[in-house]
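Here's the letter readout for the chains.
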Amino acid sequence: MSPSRSILLVGEGNFSFSAWVSQFCSETETSITATCFQHQEEALRHEGAATNIQIIKDSGGAVLFEVDCRKLGECAPLQDRVFDRVVFNFPHCGRKSGVKKNRELLKKFFLSCVEVLAEDGEVHVSLCNGQGGTPVDNPKREWHNSWQVASMAAEAHLLLTDVRPFESEKYQSYKCTGYRSQDKGFHVENALLHVFTRSLPYTSAQILKVEEAVEGEKVQYNIPAELSDYMFRGFLCSGSVHPVRLVQDFLLEGLGEKSSVSMTTETFPFLLTAKQLQAHCCDVNGTHCYWIHLLQKDLNSDAHTLTDKAKEPLAVLESQGRTDAPDAPSATRVTSNKVDRVRSNGAESLRSACSLDIDPEGENCLYALRPSLLPQMEGLLSKKEELTVRGSNESVEIEGQKNEGSCGGCNGVTSSLLGISGVVFRNVSISLWALPSFHELLLRGVFPSECKPIKFLGQRLETLLTPYGVSLVTEQGGLRLMAQPMGLVGRVFAGTACDNMSHVSVTVSLNLDLLAVLLFSLPDWRLLWSHDPRFLKEFSLRPSPGEPFHPFSLFPEHISFDISFWTGPTWEERKFHAVIREASCGTVEQVKLIDAFSHPDLSQTSYCYRLTYHTHTHALSHTRALQFHKHLESLLSSRLQVTIR
């Protein structure tokens, strides 16, 4: 056990473990407080208790009697004190109690100990093999027959951070007692030590109000609430150690060994016009776009004036209630308000689904959050071409210029790739590997046709990514990059270049988020968006791809609830999924339609869905999941006008 500043031990029997800790930490400034549930006379009846108590006191520690581990906040000597570590070895209700009573003991202990636990403190609970109900137990009991220690801790918003063997041979003077309230010990062979830490609190979804320049016009609009946590996070900024940035650097370095690679530093608006989508995003399903109606400008009477600099299409306005707003691009104009305060009808409503077959007369009134960076790439190339024709001294801002290299087998013909990267948005249904927002890396280069650039780039990507489970599948006009279990992680495709059949334009599109999951063995893509500092700490030394991630939340429980309701004659399932994301704070990972029934006489349909709540980013208890589910029922009734059954 590594020394801590202050340690509280609860549920002691003969105080032999506390005595060992006191001796081990005697030469440090660690303070020891040992407590037991029994009164002093009863505790002293345990063999060796008097000697062990004296060792603790001689080492500068304190011993307290009649301390109920379920009510630590009510213990007068512990009030106004916090501990870096709270230890409970082999908890038991006493006598022949069943698993339900011991679960309740654990739950009440966890709820109690957080009252005296330091913010960065740890809770250590040792259990006999099989009791905890985690995969580390060997053999593992059936879930209903275990103490479900991780779930009980989640009720107090604690995460199971580590499970390791209880090294009984290390504690030579420790004698376990209390088995069925007797002076007999528990079976400590193969026992396990469970370590718990605090989880970050959940934050409610918000609508962000954004103002930016799109196609030379200033527009104002709301970011949908379910996307608020994906905005302005700065994962790809210079100096970032976020795994998405590390994967981008890895790919650019690998591709740069054979070709020149330049990344633009320009910022681009999140919003696209329908005309841009029609021209450059033909492969994107229109129903997968987040369609936006602009806000009326006279509704923003208190807004400040936008910056008129030509190179700054966006400008910061203000941010209310969010800590991540400073990560926004230097030119983003944002306001955020609580969802329920800003939702209204009319101009502020969102179109969550639409077809790209749009009436040309009305298309200029329609906008969507960018589902791809292809329109930005086309605009960037057009700008470069225009500057070249004009002979202007202006330049497109780029970073990471590398010496031009030659495309293998092309007789020394040089080739280069221009790249952009950023967040894109897809209005997809909730499933394990459906990302509503992710970081796209887009590379474009013009190659001589004889160079066979798709084959060349495919070989480079295969060399870089095959060791991590990515395979290349040939399709008409290009390649698909596939991986299990997530599916498509990228594409390489070609087009003609400037009507010159001797050259071909090749585009590489890569999903950096899914590649980060693969390259660093993340258990869940949602971890990439975690605000918990322990996540980024794992990457502070810039680990190489292939080094597995060590989760700070182990074995979170899957919790399922069903929801049934009547709808009217029209029903948009994607709006249903959007409300789920918002109401559950992103903790629902799967939605399954169980049953549907259309009433023969009424224009109503009944749906029954099964929702699975599960997350690696926060502690998720059964109580918390039920709160999310009840909130979902409320939002569905008010937003989508359904009747909960």
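Residues numbered from 1 in each chain as written. Predicted model: local features only at pLDDT ≥ 70, side-chain atom pairs only at ≥ 80, totals over all residues. Heavy atoms only, no water.

Novice: What am I meant to see in the packing of aromatic side chains here?
Specialist: Geometrically, a pair of aromatic rings is defined through the distance of the ring centres and the angle of the planes. The full count for this structure, using the stated rule, is 33 aromatic pairs. Between phenylalanine 15 and phenylalanine 65, the aromatic rings sit 6.0 Å apart at their centres with planes inclined by 75°, giving edge-to-face as the arrangement. Of this pair, phenylalanine 15 sits in the loop between strand E1 (6-10) and helix H1 (16-24) while phenylalanine 65 is found in the loop between strand E3 (62-64) and strand E4 (83-89), placing the two residues 50 residues apart along the sequence. By way of ring pairs, the aromatic residues Phe17, Trp20, Phe24, Phe90, Phe166, Tyr171 and Tyr174 are connected into one cluster. One residue, lysine 170, lies across the ring of phenylalanine 24, its end atom 6.0 Å from the ring centre. (Phe/Tyr/Trp six-rings, centres within 6.5 Å; stacked < 30°, edge-to-face > 60°. Helix = DSSP H or I, 4+ residues; strand = E, 2+ residues; numbered from the N terminus. Lys NZ or Arg CZ within 6 Å of the ring centre and 35° of its normal.)

Novice: What should I look at first to understand helix H10 (residues 453-465) in this one?
Specialist: A turn of α-helix holds 3.6 residues, and therefore any two residues three or four places apart point the same way. When the terminal C-alpha atoms of H10 are compared, their 18 Å separation across 13 residues agrees well with the 18 Å that a helix rising 1.5 Å per residue should span. All of the buried residues along H10 are Pro453, Ile454, Phe456, Leu457, Gly458, Arg460, Leu461, Leu464 and Leu465. (Expected span 1.5 Å × (residues − 1). Buried < 20%, exposed > 50% of the residue type's maximum accessible area, 1.4 Å probe, protein only.)

Novice: Help me understand unusual backbone geometry in this model?
Specialist: Most peptide bonds take the trans configuration, and most residues that are not glycine carry a negative phi. Cis geometry is found at the peptide bond from asparagine 138 to proline 139, where omega equals 5°. As for its placement among the helices and strands, proline 139 is situated in the loop between strand E5 (117-127) and helix H5 (149-154). A cis amide bond, omega 10°, links glutamine 484 with the succeeding residue proline 485. Tracing the chain through its elements places proline 485 in the loop between strand E21 (478-483) and strand E22 (487-497). For lysine 452, which is not glycine, the phi dihedral falls at a positive 50°. Relative to the assigned elements, lysine 452 resides in the loop between strand E19 (437-448) and H10. For lysine 452, a relative accessible area of 53% puts it in the exposed group.

Novice: Sorry if this is basic, but what is going on with helix H11 (residues 512-519) here?
Specialist: With eight of eight residues buried, H11 lies mostly within the body of the structure. Listed as buried for H11 are Leu512, Asp513, Leu514, Leu515, Ala516, Val517, Leu518 and Leu519. For H11, the capping residue at the N-terminal end is asparagine 511, with a side-chain oxygen 3.1 Å from the backbone nitrogen of aspartate 513. In the stretch just after H11, serine 521 is the one whose phi turns positive, near 55°. (Polar contact = N/O pair within 3.5 Å; in protein donor to acceptor, adjacent residues only side chain to side chain.)

Novice: Explain the sheet that holds strand E7 (residues 192-198) here, please?
Specialist: The sheet built from seven strands is open, its strands ordered E3-E2-E1-E4-E5-E7-E6 with mixed pairing. Only two strands of the sheet have a single partner each, and these edge strands are E3 and strand E6 (158-165). Taking each pair of neighbouring strands and ignoring which way they run, the sheet shows an average axis angle of 20°. Across seven bridges, E6 lies against E7 in antiparallel orientation. Considered in E7, the bridge of leucine 158 is made with arginine 198. Its contacts with the sheet put H1 on E1, strand E2 (31-35) and E4, and the angle it makes with E1 is roughly 170°. (Pairing = 2+ DSSP bridges. Axes fitted to C-alpha atoms, helices over the stretch in contact; angles between N-to-C directions. Contact = heavy atoms within 4.5 Å.)

Novice: Looking at this model, I keep getting lost on the sheet that holds strand E24 (residues 559-567). Mind explaining?
Specialist: What holds strands together in a sheet is hydrogen bonding between their backbones, with the strands either parallel or antiparallel. Read from one edge of the open sheet, four strands run E25-E26-E24-E27, paired in antiparallel fashion. Every interior strand has two partners, whereas the edge strands, strand E25 (588-598) and strand E27 (643-644), have only one. Together, E24, E25 and strand E26 (605-613) form the strand contacts of helix H13 (residues 573-583), whose direction differs from that of E25 by roughly 140°. In this fold helix H14 (residues 622-639) packs onto E24, E26 and E27, with an angle of close to 15° to the strand it touches most, E24.

Novice: Teacher, can you tell me more about the packing of H13 against H14 here?
Specialist: Axis separation between H13 and H14 bottoms out at 9 Å; the angle between their running directions is 140°. Judged on the interaxial angle alone, H14 and H13 are oblique. Between H13 and H14 lies a crossing of right-handed hand. On the side of H13, the interface is formed by Phe576, Val579, Ile580, Glu582 and Ala583, while H14 contributes Phe628, His631, Leu632, Leu635, Leu636 and Arg639. (Parallel < 35°, antiparallel > 145°, perpendicular 65-115°, else oblique. Left-handed = near helix turned anticlockwise from the far one by under 90°.)

Novice: What should I look at first to understand the side chain of serine 553 in this one?
Specialist: With respect to the secondary-structure elements, serine 553 resides in the loop between helix H12 (533-537) and E24. Given the relative accessible area of 5%, serine 553 is considered buried. Once you skip the residues sitting within four places of it in the chain, serine 553 turns out to touch Leu159, Leu160 and His616.

Worth remembering: the numbers are spatial, not functional.
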